Amino acid sequence: MPVEITWWGHATCTVEDSNVRVLTDPLFARRLAHLRRRRGALPPPDAWRADVAVVSHLHADHLHVPSLARLARGTRLLVPAGAPRAVPGLRRLTRLRVTEMSPGDVASVGGLTVRAVPARHDGRRLPVGPHRSPALGYVIEGEGRTYFAGDTGLFDAMAEEVGPVDVTLLPVGGWGPYLGDGHLNAARAAEALARLSPRSAVPVHFGTYWPIGMDAVRPHEFHAPGDEFARLAAERAPGVSVHRLAHGESVRLEVAR
């Protein structure tokens, strides 16, 4: 049975496996603070439908409370440990079934297991502040194994912590002209792909949001990362099929189980 991936933009994807819909880092906003959506229509209401949603870390473009509020009553929501304490708005989403996760924790949803894995990224809600939560990736296992990396930099134990996977959803860019520490750009994402050796990869976290008034500042950092990742992946991990999706586009991937 294939795994189906739909990319809605930024880090938001639907992963369908074993008749279960998993939604990653839901962000359905046209504008978020100084960012505006510059490419791709807003995800339609069907994108809000999920059996479980996962949040990788507390930054507002990944844990977006108004987007989470659109999820149906009873939807399971997996968040990093400490998130409800650090983000008061999350505590008001009483319609959702919230589970706090730390690296190594496993949640079962229908025929799937969702395992939290470490990420190398600042997981705090704000750049400074007392409340810390781990930044996470997630391995979604049913008929296939899909790794959603969230936001992360490369780290030595990445392949060991993630384990064997069929599909990777890797961030390859950002929302500004410069990427700081704890991020993957196209080149580092291609290196991650070589380490993880999946069957397939889908680049995410690029070409969606950009700071208002900065259209002319390093515009290639907005437009180029997806194609650059595909080019570098062909060199570094030639056995991996890279699927460079448009916003709202889906791909069905066969998995060997």
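Analysis parameters
Residues numbered from 1 in each chain as written. Predicted model: local features only at pLDDT ≥ 70, side-chain atom pairs only at ≥ 80, totals over all residues. Heavy atoms only, no water. Helix = DSSP H or I, 4+ residues; strand = E, 2+ residues; numbered from the N terminus. Contact = heavy atoms within 4.5 Å. Buried < 20%, exposed > 50% of the residue type's maximum accessible area, 1.4 Å probe, protein only. Polar contact = N/O pair within 3.5 Å; in protein donor to acceptor, adjacent residues only side chain to side chain. Pairing = 2+ DSSP bridges. Axes fitted to C-alpha atoms, helices over the stretch in contact; angles between N-to-C directions. Salt bridge = Lys/Arg side-chain N within 4 Å of Asp/Glu carboxyl O.

Novice: Outline the side chain of T168, supporting the account with residue identities and numerical values.
Specialist: Its place among the elements puts T168 in strand β13 (residues 167–171). Once residues within four sequence positions are removed from consideration, T168 is found in contact with Y147, L193, L196, P198, S200, A201 and V202.

Novice: If you had to explain the side chain of D25 to someone new, which residues and values would you point to?
Specialist: Looking at where D25 falls in the secondary structure, it is placed in the loop between β3 (20–24) and β4 (31–32). D25 gets classed as buried once you look at its relative accessible area, which sits at 0%. Within the local environment of D25, its side chain forms a polar contact with the side chain of H62, the two groups lying 2.6 Å apart. If we ignore the near neighbours within four places in the chain, the residues touching D25 are A11, T12, V54, V55, S56, H62, F148 and G150.

Novice: How would you explain the sheet that holds strand β17 (residues 250–253) if you had to name every residue and give the values?
Specialist: Judged by pairing direction, the sheet is mixed, and its 7 strands sit side by side in the order β8-β7-β6-β3-β2-β1-β17 without closing on themselves. What marks the edges here is a single partner per strand, and that holds for β8 (97–101) and β17. Recorded for the sheet is a direction-independent mean angle of 20 degrees between the axes of neighbouring strands. In this sheet, β3 lies alongside strand β2 (residues 12–17) in antiparallel orientation, the contact comprising 5 bridges. Residue pairing for β3: C13 is matched across the bridge by T24.

Novice: Tell me about the environment of L32, and please be specific about residues and values.
Specialist: Along the polypeptide, L32 turns up in strand β4. With 32 residues separating them in the primary sequence, L32 and H64 have C-alpha atoms 9.0 Å apart. Apart from the residues lying within four places of it in its own chain, the contact partners of L32 are L27, A60, D61 and H64.

Novice: Which residues make up the pattern of salt bridges, and what values go with them?
Specialist: Taken as a whole, this structure holds 14 salt bridges when the rule is applied. A salt bridge links R49 to D46; the shortest N-O distance between them is 3.2 Å. A relative accessible area of 47% means that R49 is categorised as partly exposed. The partly exposed category is assigned to D46, whose relative accessible area is 40%. With its nearest N and O atoms 3.0 Å apart, the salt bridge here joins E191 to R195. Residue E191 and its partner R195 are both found in helix α5 (residues 186–196); the two are separated by 4 residues, about one turn of the helix. Within the structure, one salt-bridge network assembled from shared partners comprises E16, R21, D46 and R49.

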